[in-house]
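# Fold and geometry: a report
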Amino acid sequence: MRQRDNPYVIMLRRLFQHRSAQLGMFLLAVLIICAVFAEQIAPYDPIVPLKVGKRREAPCIHLLGCPADKPEHLMGIDGNSRDLFSRIIFGARLSLQIGISTVTFAIIIGGLLGAVAGFIGGWLDDLIMRTLDVLMAFPSLLLAIAIVAVLGPGLINALLAIAIIEIPIFARVVRASVLSVKELDYVMASRAQGASEFRVLFTRIMPNALTPLIVQGTLGIASAILSAAALSFLGLGAEFPTPEWGLMLGEERNSVFNAPFLVFFPGFAIMVTVLSFNLIGDGLRDVLDPRLVHGG
Amino acid sequence: MKRTIYVLLSMFILSSMLLAACGTPATPAPAAPAATEAPAATAAPVATEAPAAPAATEAPAFVGDKLVAPDCNYGGNFKSVEATDQYTVKFSFCAPDPAFLAKIASVEAFDIYSKANLTAIGGDATKMNDAPVGTGPYIVKEWVRGDHITFAPNPTYFGDKVANTTFIMKWNKEAAARLLDLQAGNVSGVAEVTADDLATISADANLTLYPRHVNNFLYLGINNTVAPFDNEMVRQAFAMAINKQKIVDDFYAPGSVPATQFVPPGVKPGFTEGYAGNTYDAVKAKQMLTDAKFDFNKTYTLSYAERTRPYFPQPTKIAQAVQAQLAEIGVKIKLDMQDWAVYLPAARAGKLGLHFLGWSEDFPDATNWYDVFLTGSSPQLGTAYPDIVDLIKKAATLSDSAERQKLYDQVNALYDQHVPMIVIAHGTTNLAFQGGIGNVVLGPYNENFPYMTSADGTVVFSQDGEPVSLMCADETDGSSFRACNQIFSKLYRFDWGTANPVPDLAEKCVGNTDATEWTCTLQKGVTFSDGAAFDANDVVATFSAGLDYKYPLRKGNTGVFQYFKDLFGGKVLNEPAQ
Amino acid sequence: MIQFLVRRLFLVLPVLVGILLVTFIITRLVPGDPCYVMLGERATEASCNEFKSRFGLDKSIPEQFVRYVINIAQGDFGNSLKDRRPITTVIGERLPMTIELTILAMIFSSTFGILLGVFSALNRNSIVDTLTMLGANIGVSMPVFWLGLLLAYLFALVLKGTPFQLPPSGRLSAGMSLIPLTKVWGITDATGIKAFLLAFMSNSAILNGLLTGNYALTLDALKHLILPAVAVGTISLSVIARMTRSALLEVLGQDYIRTARAKGLRYSMVIRKHALRNALIPIVTIIGIQTGGLLSGAVLTETIFSLPGVGSRMVEAILGRDYPVVQGFSVVIALIFVFSNLIVDASYAYLDPRVRVK
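Residues numbered from 1 in each chain as written. Chains lettered and ligands numbered in written order. Predicted model: local features only at pLDDT ≥ 70, side-chain atom pairs only at ≥ 80, totals over all residues. Heavy atoms only, no water.

According to the stated counting rule, one finds 29 salt bridges over all chains in the structure shown. Between arginine 285 of chain A and aspartate 282 of chain A there is a salt bridge, with its nearest N and O atoms 3.1 Å apart. Of this pair, arginine 285 of chain A and aspartate 282 of chain A both sit in helix H11 (residues 261–288), three residues apart, which is roughly one turn of the helix. Exposure remark for arginine 285 of chain A: the relative accessible area of 37% places this residue in the partly exposed category. Between lysine 490 of chain B and glutamate 108 of chain B there is a salt bridge, with the nearest N and O atoms lying 2.9 Å from each other. (Salt bridge = Lys/Arg side-chain N within 4 Å of Asp/Glu carboxyl O. Helix = DSSP H or I, 4+ residues; strand = E, 2+ residues; numbered from the N terminus. Buried < 20%, exposed > 50% of the residue type's maximum accessible area, 1.4 Å probe, protein only.)

Judged by nonpolar contacts, the single largest core of 173 residues is most densely connected at Ile145 and Leu231 of chain A. Per-element accounting of this core gives the leading share, 15 residues, to H11 of chain A. Excluding its chain neighbours within four sequence positions, the residues that come into contact with isoleucine 145 of chain A are Leu231, Leu234 and Leu236 of chain A together with Val299, Val315 and Ile318 of chain C. Of all hydrophobic cores here, the second largest spans 86 residues; its members include Tyr445, Ile487, Val526 and Tyr549 of chain B. (Core = buried A, V, L, I, M, F, W, Y, C linked by side-chain atoms within 4.5 Å. Contact = heavy atoms within 4.5 Å.)

The amide bond that connects alanine 227 of chain B to the next residue, proline 228 of chain B, takes the cis arrangement and shows omega of -5°. Position of proline 228 of chain B among the secondary structure elements: in the loop between strand E9 (216–221) and helix H7 (232–241). Proline 269 of chain B follows lysine 268 of chain B through a cis peptide bond whose omega is -5°. On the secondary structure map, proline 269 of chain B appears in the loop between strand E10 (257–258) and helix H9 (282–291). In this structure, asparagine 439 of chain B is a non-glycine residue whose phi angle is positive, near 55°. For asparagine 439 of chain B, the location among the structural elements is in the loop between strand E15 (429–434) and strand E16 (458–463). Unusually for a residue other than glycine, serine 306 of chain C sits at a positive phi of about 50°.

A few words on the packing of aromatic side chains. Two measures describe an aromatic ring pair: the distance that separates the ring centres and the angle between the ring planes. Residue and element names in this part refer to chain B. Following the criterion strictly, the structure yields 46 aromatic pairs over all chains and no others. Here the aromatic rings of tyrosine 219 and phenylalanine 373 are separated by 5.5 Å at their centres, their planes lie at 75°, and the arrangement is edge-to-face. In this pair, tyrosine 219 sits in strand E9 while phenylalanine 373 sits in helix H12 (residues 370–373), placing the two residues 154 residues apart along the sequence. Classification of phenylalanine 373 as buried rests on a relative accessible area of 11%. Both rings, one in phenylalanine 543 and one in phenylalanine 564, keep their centres 6.0 Å apart while their planes meet at 80°; by these two values the pair is edge-to-face. Placement of the pair is phenylalanine 543 in helix H16 (residues 536–547) and phenylalanine 564 in helix H17 (residues 562–567), with a sequence separation of 21 residues. As far as burial versus exposure is concerned, phenylalanine 543 and phenylalanine 564 are alike and both buried. Joined through ring pairs, the aromatic side chains of Phe91, Phe93, Phe100, Phe110, Trp518, Phe543, Phe561, Phe564 and Phe568 make up one cluster. Over the aromatic face of tryptophan 143 sits the side chain of arginine 145, whose NZ or CZ is 3.7 Å from the ring centroid. Geometry around tyrosine 549 places arginine 554 over its ring, the cationic atom sitting 3.9 Å from the centre. (Phe/Tyr/Trp six-rings, centres within 6.5 Å; stacked < 30°, edge-to-face > 60°. Lys NZ or Arg CZ within 6 Å of the ring centre and 35° of its normal.)

Moving on: the sheet that holds strand E12 (residues 332–338) of chain B. All names here are of chain B. The six strands lie next to each other as E10-E14-E9-E13-E11-E12, forming an open sheet whose pairing is mixed. Looking at strand neighbours, the two that pair on one side only are E10 and E12, the edges of this open sheet. The pairing of E9 with strand E14 (residues 421–426) spans four bridges and is antiparallel. By the bridge assignment, glycine 221 is partnered in E14 with methionine 421. Against the sheet, helix H10 (residues 315–328) contacts E9, strand E11 (299–305), E12 and strand E13 (354–360), and its axis sits at roughly 165° relative to E12. (Pairing = 2+ DSSP bridges. Axes fitted to C-alpha atoms, helices over the stretch in contact; angles between N-to-C directions.)

Here we come to the side chain of serine 92 of chain B. Along the chain, serine 92 of chain B turns up in strand E3 (residues 88–93). Sequence-distant contacts of serine 92 of chain B, that is, excluding residues within four places in its chain, are made with Phe78, Lys79, Ser80, Thr516 and Glu517 of chain B.

Next up on the list: the state of the cysteines. Residues and elements named next belong to chain B. Summed over all chains, the structure comprises four disulfides over all chains. Shown here is the disulfide that connects cysteine 472 with cysteine 484, its sulfur atoms set 1.9 Å apart. Around the S-S axis, the bridge from cysteine 472 to cysteine 484 shows a dihedral of about 85° and counts as right-handed. With a gap of twelve residues between them, cysteine 472 in the loop between E16 and helix H15 (478–487) and cysteine 484 in helix H15 connect regions that are remote in the sequence. Assigned by exposure class, cysteine 472 and cysteine 484 land together as buried. The disulfide pattern of chain B is 1-2, 3-4, 5-6 when the bonded cysteines are numbered in sequence order. (Disulfide = S-S within 2.5 Å.)

Contact pair H11 of chain A / helix H6 (residues 127–141) of chain C: the axes reach a minimum separation of 8 Å and the direction vectors enclose 125°. In terms of orientation, H11 of chain A and H6 of chain C fall into the oblique class. Note on packing geometry: the crossing formed by H11 of chain A with H6 of chain C is right-handed. Facing Ile270, Met271, Val274, Leu275, Asn278, Leu279 and Asp282 of chain A of H11 of chain A, the residues of H6 of chain C in contact are Leu134, Asn137, Ile138, Val140 and Ser141 of chain C. Its residues assigned to classes, the contact of H11 of chain A with H6 of chain C comprises eight nonpolar, three polar and one charged. (Parallel < 35°, antiparallel > 145°, perpendicular 65-115°, else oblique. Left-handed = near helix turned anticlockwise from the far one by under 90°. Nonpolar A, V, L, I, M, F, W, Y, C, P; charged D, E, K, R; others polar.)

We now examine helix H5 (residues 175–184) of chain B. The element H5 of chain B is extensively covered by neighbouring structure, given that eight of its ten residues are classed as buried. For H5 of chain B, every residue scored as buried is listed here: Ala175, Ala176, Ala177, Arg178, Leu179, Leu180, Asp181 and Leu182 of chain B. Where H5 of chain B is buried, its residues contact strand E7 (189–190), helix H6 (197–203), strand E8 (207–212), E15 and E16 of chain B together with helix H7 (144–158) of chain C.

As a further point, take the packing of helix H2 (residues 19–36) of chain A against helix H4 (residues 84–120) of chain A. Residue and element names in this part refer to chain A. With their axes 7 Å apart at the nearest point, H2 and H4 run at an angle of 105° to one another. By the angle class used here, H2 and H4 are roughly perpendicular. Contacts between H2 and H4 involve Leu28, Leu31, Ile32, Cys34, Ala35 and Val36 on the former and, on the latter, Ile89, Ala92, Arg93 and Leu96. Of the residues contributing to the contact of H2 with H4, the split by class is nine nonpolar, no polar and one charged.

Before going further, it helps to examine the sheet that holds E15 of chain B. Residue and element names in this part refer to chain B. Pairing within the open sheet is mixed, and its seven strands lie in the order E4-E5-E6-E16-E7-E15-E8. Where the open sheet ends on each side, the last strands, each with one partner, are strand E4 (138–144) and E8. Pairing geometry for strand E6 (residues 166–171) and E16, over six bridges, is parallel. Note on E16: the bridge partner recorded for lysine 170 is serine 462.

Moving on, we come to the environment of isoleucine 145 of chain A. Within the secondary structure layout, isoleucine 145 of chain A lies in helix H6 (residues 140–151). Taking C-alpha positions, isoleucine 145 of chain A is 9.9 Å from alanine 230 of chain A, a pair spaced 85 residues apart along the chain.

So, about the interface of chain C and chain A. On the chain A side, the residues contacting the 45 residues of chain C number 40 residues. Counting the surface lost from both chain C and chain A, the interface buries some 3,600 Å², and carbon and sulfur atoms represent 80% of this. Counting across the interface, chain C meets chain A through one salt bridge. Here arginine 242 of chain C and aspartate 282 of chain A are joined by a salt bridge, their closest N and O atoms 2.8 Å apart. The set of elements that each furnish at least two residues to the side of chain C that touches chain A consists of helix H1 (2–29), H6, H7, helix H11 (215–252), helix H14 (299–305), helix H15 (310–319) and helix H16 (323–351) of chain C. It is H1 of chain C that contributes the most residues to the side of chain C that touches chain A, eight residues altogether. When its residues are assigned to classes, the side of chain C that touches chain A shows 32 nonpolar, nine polar and four charged. (Buried area = accessible area lost by both parts, 1.4 Å probe.)

Keep in mind these values describe shape, not function.
As structure tokens, then:
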């Protein structure tokens, strides 16, 4: 066993060997490519309506027999005369942005709250945790709908609502980590050396929370994307003409019997994206959990 | 100490929860028990409020009720309603109301209720919903909240015999699900067919499509007190910049037409045949804007709510189309979609710039159009135009159609000049029925469900929402109206498939020469579904509830009884001060 | 045990009070006017001022809150602004529907979830295991509204005309009647809690049919619930399967299992008598949490399948600014959530003596 190896490198190597995580990372890579190179990959503009082509026309794939003189639309045309495939590709960019921004916001706020609660303890801990309990006592979607009703419809407000409902989870994770190491020897040692409380908190205690936060964060991205899609489906999130997958499903839900492809592809895209993050999160959890390393 | 507080608090809350369960006001089974199918109607006519009822063997003498306004200065048009004898009711108004017949035939708000029933339930809509009592072709057999209402023929109905044995009204917000139910044969007919499903239905040999022309319009609202729209040239230019035909072609159901003037083609008198003002001319529009020194650099907001109506079938797409058309002449538009609950009050308060709203006709008369929008100043649209206002007010007092049309011709021309708002399109709705359903006659105001025939005698209809309540005097939504139409009758109704008022509960209503008084002779021998006999006091009681805040039997649902205000001068008696 | 429960009950109270306060404030903060929603295009400022004063909405917020709390203490949850029906009645109509859906969904997801989880755990790292877990992962990743729409498409359109056809929406077929039990059994004098219970049972189509012998009704209601239950249950199924697998694996790795096997006990007996029972604890926890979540109203499923349950009414109320419904339902939903968590904790304590001692 090489003593010099950085533990993070070991973790990463294990992650790459984990079967589910491999699939997840592959899917994520595809998504990132779509997101970054959307302009190059998408054949049409996702927002401007097409001049040629009937609304809700079925997919025309040249490889599968569609006549060559008809313009190719891999996933068909949607109800607003736009190419569905292009919208799905641009939707990848939007979904990744949604997931990362909400979770980052939730981790920062939730992490701070949890750290403060765990570190200071006492009545502040009680207050913060009870408030978060109240938040968690509501089914998350209903709470998000209520928040959006207060703030008004729109993607930014929907993201805010989703971030708010994710805060308690991260607060709990950080608080648990803080509590578990607060009284340990190496923290005492640091204090004995004269480090300020602040420094102790950030240099000794917080890094402990890093690994569960990473796992929870990945899973949080998955659920944020699902929640955003649900809100947009109900008409409370992204607005026309944004190429958001949930919105696409919501707009075309009445076409499920006439033009099922308009319902199938956006939902499939959501599923694949969420799946990739879930698989990676699972892999991270397996890899980072010391118990499972040896006997699991 | 903390613990004791918790104990006490928990005891308190838990005990009040228990109290809540026990002390629940006896909630009767929510599925409405059938309005008592009265097999034996009481023979004697309903005694009216004779304080000392003579203990006689024959029926007591009839005492007619009345409601009289103290004067004509309270702000409304209603003056009095009086039961002059057992089967005659006289209405009188402060100013002439030539459209009276059309009004009382139109909306279900003027359903006639039984005075005895109103007294028994205190005029409360929630109680009426549990056991409605009416004179309509059907009675309610059960109302399973959230799912359906079952109607059965009314055995004591005074009109033509009902042609089917059961009528079931269902609802489903999803148009696709309604269509699927229709295709699967689970329902006999559906309402509000979306434009995209029309092709599917036309292609299906088992289904028949029935277009329904209701007079309605979609308009782009402009506030003429806010620059740059205080400039008439700018308003005219905007009117010319919108390609109404293209919008109708792209987004409306077949049968819909673009607007050529203020009112839809069905409003007569009112519509000027062959007239078309402010026709689409993008070049001229741009020129006019330039001449008017319009600021092309500023971005203007166009607000709308994503709420589908027959006159606004695809709100977002239509808004986007208008935005694109205005962009073609160089006007920058930003779309602002709002939630309906926020949007409407904001529009009414004048807080929005350009905005979309619409209107569906309540009763077939020009006064339900011109007088509603063009005769008063409002925060929403700005100041009214005195020349238009004078003409409209004069036309409302006349009874002769030809005379009125002359005045309305002038109004239509002035509308094009002043452009108080830009009317865009008139939308058609479509209903679809199974091929096996016979005798389907749909009019702008009613559907002849009692007389539709089906193979097994059951007709099932699916609409897009649940009725809010069955006391339609205090409702304004079409879902409730459709249900009320089955179980209540009005004094007049519209002949099936038309907008011609014909007598229903009244044998005849006749107006005097200047249409300030209308005398209605009522049908005799009609009984309500609970056996009570119908007479003039029922009519007086119904109208009193709607027209007088202080009437003891006025409760309803929200207590607003909006249609009574709207159709009789804007105000009713004893309205609380604001 | 009692002490444990009572202690947990105390912690519930501040949460409840908090919920009441929060929902009240949120509903009052929400812009938009219920009056305009209800009167539609006909709404005028005058009518709406009148509307507000009639329902006490023009008083100051603290005053409204005090009035509200006093009413709640007397058991009056208020009336819906839409049709002025008592909230308790509306809940009595909507909750049975949601309970039916929850029970069916949980039966589906628990049975198959546990079976799949056990199967995977016992055949660890085999191809079946990997596929099952991947499937479970996919199940958790699927948006429920997408799954519901696809199921509706498959069973209502693709399988139309076959014996597998299922209705795509609604609660009952046309022609099915839901006759209240009071009418069927001829009870005319029920009041208070008895009336409420009878109404509650009448509103559950499945129960109603069974109690009155109208089996066609029960079957029809069940038929309409199959697709929604599968749609919403798939997610729970996946969660339960994963949890079962990991719980069982963890238990199987324990020393006492090895001891039992070393003592010569047959493997199947080991599984049944020792492993499963101990693995059951976290599984029960998960099932309880899922049930609590479903009881709070599967909003998306109810929307797609047009089921008149708690979730859809709640969304309608939020969008229509029907404050009493939002508040009343929030309290009820939160209560359900909190009490189901309590039951889960209690069962946890019952099954695992170590928890009680803490």
